[in-house]
2 protein chains.
Amino acid sequence: VYKVKRFPGSMRKTIWNVGKDDPRRVVHSLKVGLALTLVSLLYLMEPLFKGIGENAMWAVMTVVVVMEFTAGGTLCKGLNRGLGTLLAGSLAFFIRYLADVPGQIFHAIFIGAAVFILGAAATYVRFIPYIKKNYDYGVMIFLLTFNLIIVSSYRVDNVWSIGKDRIYTICIGVGLCLVMSLFVFPNWSGEELHKSTISKLEGLAKSIEVSVMEYFYDSEKQANDDSSEDLIYKCYEAVLDSKSKDETLAIQANWEPRYSRCCHRIPWQQYAKVGAALRHFSYTVVALHGCLQSEIQTPRSIRDLYKDSCIRLAQEVSKVLRAMANSIRKKHKFSLQILSNNLNEALQDLDGVLKSQPQLLLGSNNGRSRTPRTPKTPRTPNSYKLEEESRILLSRVKSDCCSPVGSKSKEHSREQTKEGQRHKVLRPQLSKIIITSLEFSEALPFAAFTSLLVEMVAKLDHVMDEVEELGRMSHFKEFRDDDDNN
Amino acid sequence: VYKVKRFPGSMRKTIWNVGKDDPRRVVHSLKVGLALTLVSLLYLMEPLFKGIGENAMWAVMTVVVVMEFTAGGTLCKGLNRGLGTLLAGSLAFFIRYLADVPGQIFHAIFIGAAVFILGAAATYVRFIPYIKKNYDYGVMIFLLTFNLIIVSSYRVDNVWSIGKDRIYTICIGVGLCLVMSLFVFPNWSGEELHKSTISKLEGLAKSIEVSVMEYFYDSEKQANDDSSEDLIYKCYEAVLDSKSKDETLAIQANWEPRYSRCCHRIPWQQYAKVGAALRHFSYTVVALHGCLQSEIQTPRSIRDLYKDSCIRLAQEVSKVLRAMANSIRKKHKFSLQILSNNLNEALQDLDGVLKSQPQLLLGSNNGRSRTPRTPKTPRTPNSYKLEEESRILLSRVKSDCCSPVGSKSKEHSREQTKEGQRHKVLRPQLSKIIITSLEFSEALPFAAFTSLLVEMVAKLDHVMDEVEELGRMSHFKEFRDDDDNN
């Protein structure tokens, strides 16, 4: 304890936060301490020691190596260790039986060859993806035990007792670990996966809502810029980075005893699939967020025209995400019909607004008429006028552009004389300046924003499929209307 | 070898492919086999055995546990193991010295308490992110050795020799592993990170090019649909999933002896940062790819108007990515000026085309005039005509919509009577039908496509910054023109 006090402040804070962020870590640490103390008693207490002897050390080692944070992790490692030891023991005895010929040198060569072949084969097998995922540790322990027994057999005659003792003590160690992690404040991988899936769904829902609100009310954005930016970023970042964590949890959860009503198996792999669908969904959210940070912004006046429909669509998407989160949490099916209806109504609404305000996008009407558009089609007077206007604007833009390009080559020559810091400060702004100075059709980013919203609905479908499949596989309850209101 | 033949065909193929995909795996397997055989000689050969004795087993164990695929991985584990053992040994002797009091029971209690406190503390420390990343294995070995020595000290008097032997044998094991992985066909983590960064840059460049080409020439898309889709997907998927692999490689590479001209340290962490910037860039690529798969497609006639500029911009972006890949490969700086000029010209070109063909987007002109747009502004006759047109279209769309919605509620009732398979086949199409039937302004997805291209340029800036920083940190050669032509 006094050790902590000696650390400098930041270090002390880090250590404190590790426990504060997740108090289960403190509990786990105490559990490991307790397990180690208990297993040490095998050695320290006279009557126990008489039964087991020196080999009690193997039990201590097993506890140190096998105890994992979650029950699934411990089970996976423990069973792998047990199985690996058992298999290696059997094989080693079999090979020893084969090699039971007189002649020390022949014996040594035989052992060497067996060690080489098994070592290479086991290492190679560990590269197979399926083995790597589920049995990596087991294969390592197999190799370890096999070598231990087969090499010992060269000098020791009672190898049988070495093997037996090793298996006994490993069983004691694994058993103790399992008791500690399954029955004393257990942390279930499955539960963690379940919760993280729910929180990811809810995080994305929040992220979309905040993004859209910020897009249309950017006055508030100026005020609490950092906090809400951070919120959006954090929510989708958690989803984007979840791949390896999800997969590990799903594998560990597969080792855990399944607890569920009616003894149905909980399809943990399906949770990982939901996670994958969510990740793909979240790429669209990232792109949507990108619209907020874009250098060119559509004027408020244009945005305001479509504000309500966009916000409505975003809210419907969030609602669907939340409904799925609730569905997983309460393990009942979600009401597909109502949600889809609302979503489609919102889509129609947005479409209607876009069509009734054709200032933004006239292309749709051109497309609808189905006549192939060539530059020769007679133009309306207005279109001519616009084109003239834009030509004038274009030339203005081009002259605007010259200055950044000019300043750039100047800057480059400066860079060559005085490299480093200064260069770094100036350069990043460049293409931003140019993008802004071009004043790309200001409606463009808004069109992208709207299109991404629509795209999002399409991708949401895939997520809904996976969640539905999850519901089917884990036999969720039928949807009841009153559940939805809670 | 005969074992392989017994496996069923698919299994055999999997095993074969593991080696075919990366022949270094076969080499690594043989290396491990060889190392194990060598270390077994310590036990098998009479003169060596006399020096070391039973404890040779620890060396065998060390080899099994420490040998990793890359040199960095082996160094990291080996040094962690060595350091952990050394530290644990010192601490155990210190504590043993403290506890050197008469009275067996007091001694046992003291040992138990030490085991508990150290066990809990070490487990807790492993949760600290910095420790977890770099020293996780070391802390585990520390705990293992500490327990081993302190518990043994209860019954064995010459603990000193236990500790000494363990340290010796571990040093032999680690030394052998290091020799094998540093000098015999070494696989460097750093090199792998270097190569994977280059291939990621090139993959993204290809992915963008193919996406854009497919978007504008979708006739060819029909022909070799799967292959090019797969290509795009594979290229960016590799970038998206690279997070954990990159970080592991960067950490391992940090342990490797740095090799570089002029003894500069190679900033591996900066490679990981480039990877992070690339990941963020690739989210835009995913969104761009989403435009290809979108249910609503802009008519060819409209797309063709902007084809050349878009393709040019995409090619410039790809060119920048390839230039960065080349820059990293050949370790020279890249020619910022030429690339930026080309990129900006392409941007201006696209902007020019968009402005000269205002059929797609009129909003820009509204925005430019700076007069606040209200519905009361006098409209041009053309605009009135269009609005009328769109109203008619809207009503048509609405009547179109009724049928899918109708069929949906029908479908829902069917679902309730006959759940499962059938339901799964029908449902996923639904919102697609609705999105398509709404015929959202067909220009919308094209606008999104263009906007994403522009967005991409903005994000490319960030990648360029990181690559430039990488060049600065690892003292790349100055750019020479002839390098660029190779």
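Colleague: For the overall build of chain A, give the residues involved together with the corresponding values.
Modeller: In terms of helices and strands, chain A carries 22 helices and zero strands. Within chain A, the fraction of its 486 residues that count as buried is 56%. Expressed as a percentage of contacts within chain A between residues at least 6 apart in sequence, the contacts between residues at least 24 apart total 80%. Here chain A displays about 21,800 Å² of accessible surface, and carbon together with sulfur accounts for 60% of that area.

Colleague: Hey, could you go over a nonpolar patch on the surface for me, with residue numbers and the actual values?
Modeller: Among the surface-exposed residues, L34(A), L38(A), L41(A) and M45(A) lie close enough to one another that they form a single nonpolar patch of about 300 Å² accessible area. With respect to the helices and strands, the residue M45(A) is situated in the loop between α3 (24–44) and α4 (46–52).

Colleague: How would you sum up the pattern of salt bridges? Please name residues and give values.
Modeller: Residue and element names in this part refer to chain A. Following the criterion strictly, the structure yields 22 salt bridges over all chains and no others. The closest approach of N and O atoms between R24 and E192, which form a salt bridge, is 3.2 Å. Of the two residues, R24 sits in helix α3 while E192 sits in helix α10 (residues 189–216), which places them 168 residues apart along the sequence. Across the pair E68 and K77 runs a salt bridge whose closest N-O atoms are separated by 3.5 Å. Overlapping salt bridges, with partners in common, bring together D22, R24 and E192 in one network.

Colleague: Quick one: what's the story with the nonpolar core, residue by residue and with numbers?
Modeller: In terms of nonpolar packing, the biggest core is built from 129 residues, with F281(A), L321(A), M324(A), F449(A), F281(B), L321(B) and M324(B) touching the most fellow members. When near neighbours in sequence (up to four residues on either side) are disregarded, F281(B) contacts L204(B), I208(B), V317(B), L321(B), M456(B), K459(B), L460(B) and V463(B). Within the second largest apolar cluster, 104 residues are counted, among which are V64(A), V115(A), V66(B) and F127(B).

Colleague: Can you break down the packing of helix α5 (residues 56–66) of chain A against helix α9 (residues 159–183) of chain A residue by residue, with the values?
Modeller: Residues and elements named next belong to chain A. Remark: α5 packs on α9, axes separated minimally by 8 Å, with the N-to-C direction vectors making an angle of 40°. By the angle class used here, α5 and α9 are oblique. Every pair of crossing elements has a handedness; the one defined by α5 and α9 is right-handed. Residues A56, W58, A59, T62, V63 and V66 of α5 lie in contact with α9, whose contacting residues are R166, T169, I170, G173, V174, L176 and C177. Grouping the constituent residues of the contact of α5 with α9 by class yields nine nonpolar, three polar and one charged.

Colleague: How would you sum up the packing of aromatic side chains? Please name residues and give values.
Modeller: Inspection of every chain in the model, using the stated rule, returns 13 aromatic pairs over all chains. For the ring pair F106(B) and F110(B), a centre distance of 6.3 Å and an interplane angle of 40° mean the geometry is tilted. Separated by four residues within a single helix, F106(B) and F110(B) lie in helix α7 (residues 104–125), roughly one turn from each other. On the basis of relative accessibility, which here comes to 47%, the residue F106(B) falls in the partly exposed class. Using a relative accessible area of 28% as the deciding quantity, one classes F110(B) as partly exposed. An aromatic cluster of at least three residues, connected via ring pairs, comprises Y130(A), Y135(A) and W255(A). The ring of W58(A) carries R166(A) above its face, with NZ or CZ at 4.3 Å from the centroid.

Colleague: Can you explain the environment of R265(A)? Please cite residues and give values.
Modeller: Mapped onto the elements of the fold, R265(A) is located in the loop between α13 (243–255) and α14 (268–293). Each C-alpha atom of the pair R265(A) and H475(A) lies 9.3 Å from the other, and the pair is 210 residues apart in sequence.

Colleague: Can you lay out the confidence of the model for chain A for me, pointing to particular residues and giving the numbers?
Modeller: Residue and element names in this part refer to chain A. Within chain A, residue pLDDT values average 72, and 70% of them lie at 70 or more. Across chain A, the secondary-structure element scoring lowest on mean pLDDT is helix α17 (residues 363–368), at 34, and the one scoring highest is α3, at 89. In the predicted structure, residues 359–440 sits below a pLDDT of 50 and forms 139 contacts with residues beyond four places in sequence or in another chain. Confidence drops under pLDDT 50 across residues 482–486; counting only partners more than four residues distant or on other chains, this segment forms four contacts.

Colleague: Break down the packing of helix α6 (residues 71–98) of chain B against helix α8 (residues 129–152) of chain B for me, citing the residues and quoting the values.
Modeller: Residues and elements named next belong to chain B. The geometry of α6 relative to α8 is characterised by a closest axis approach of 7 Å and an angle of 35° between their N-to-C directions. At the point where α6 passes α8, the crossing takes the right-handed sense. Looking at side-chain class alone, the contact of α6 with α8 contains 13 nonpolar, seven polar and three charged residues.

Colleague: Tell me about helix α5 (residues 56–66) of chain B, and please be specific about residues and values.
Modeller: Counting buried positions along α5(B) gives eleven out of eleven residues, so the element sits mostly inside the fold. Those residues of α5(B) that sit buried are A56(B), M57(B), W58(B), A59(B), V60(B), M61(B), T62(B), V63(B), V64(B), V65(B) and V66(B).

Colleague: I'd like a description of the environment of Y135(B), backed by residues and values.
Modeller: Residue and element names in this part refer to chain B. Here Y135 lies in helix α8. On the basis of relative accessibility, which here comes to 30%, the residue Y135 falls in the partly exposed class. Distance from Y135 to G84, taken between C-alpha atoms, is 9.1 Å for residues 51 residues apart in sequence. Sequence-distant contacts of Y135, defined by excluding residues within four places in its chain, comprise N80, Y130 and W255.

Colleague: Please provide a residue-by-residue account of unusual backbone geometry, values included.
Modeller: Non-glycine residue F185(A) carries a positive phi angle of around 40°. Relative to the elements of secondary structure, F185(A) occurs in the loop between α9 and α10.

Colleague: Help me get a handle on the state of the cysteines, residues and values and all.
Modeller: For the structure on display, the rule yields zero disulfides over all chains. Considering cysteine sulfurs only, C177(A) is the nearest to C76(A), which forms no disulfide, with 13 Å between them.

Criteria and cut-off values
- Residues numbered from 1 in each chain as written.
- Chains lettered and ligands numbered in written order.
- Predicted model: local features only at pLDDT ≥ 70, side-chain atom pairs only at ≥ 80, totals over all residues.
- Heavy atoms only, no water.
- Helix = DSSP H or I, 4+ residues; strand = E, 2+ residues; numbered from the N terminus.
- Buried < 20%, exposed > 50% of the residue type's maximum accessible area, 1.4 Å probe, protein only.
- Contact = heavy atoms within 4.5 Å.
- Areas by Shrake-Rupley, 256 points an atom, 1.4 Å probe, with all protein chains shown as cover.
- Patch = residues over 30% accessible without salt bridge, like charges linked within 9 Å, V, L, I, M, F, W, Y side chains within 5 Å.
- Salt bridge = Lys/Arg side-chain N within 4 Å of Asp/Glu carboxyl O.
- Core = buried A, V, L, I, M, F, W, Y, C linked by side-chain atoms within 4.5 Å.
- Axes fitted to C-alpha atoms, helices over the stretch in contact; angles between N-to-C directions.
- Parallel < 35°, antiparallel > 145°, perpendicular 65-115°, else oblique.
- Left-handed = near helix turned anticlockwise from the far one by under 90°.
- Nonpolar A, V, L, I, M, F, W, Y, C, P; charged D, E, K, R; others polar.
- Phe/Tyr/Trp six-rings, centres within 6.5 Å; stacked < 30°, edge-to-face > 60°.
- Lys NZ or Arg CZ within 6 Å of the ring centre and 35° of its normal.
- pLDDT = per-residue confidence, 0-100.
- Disulfide = S-S within 2.5 Å.

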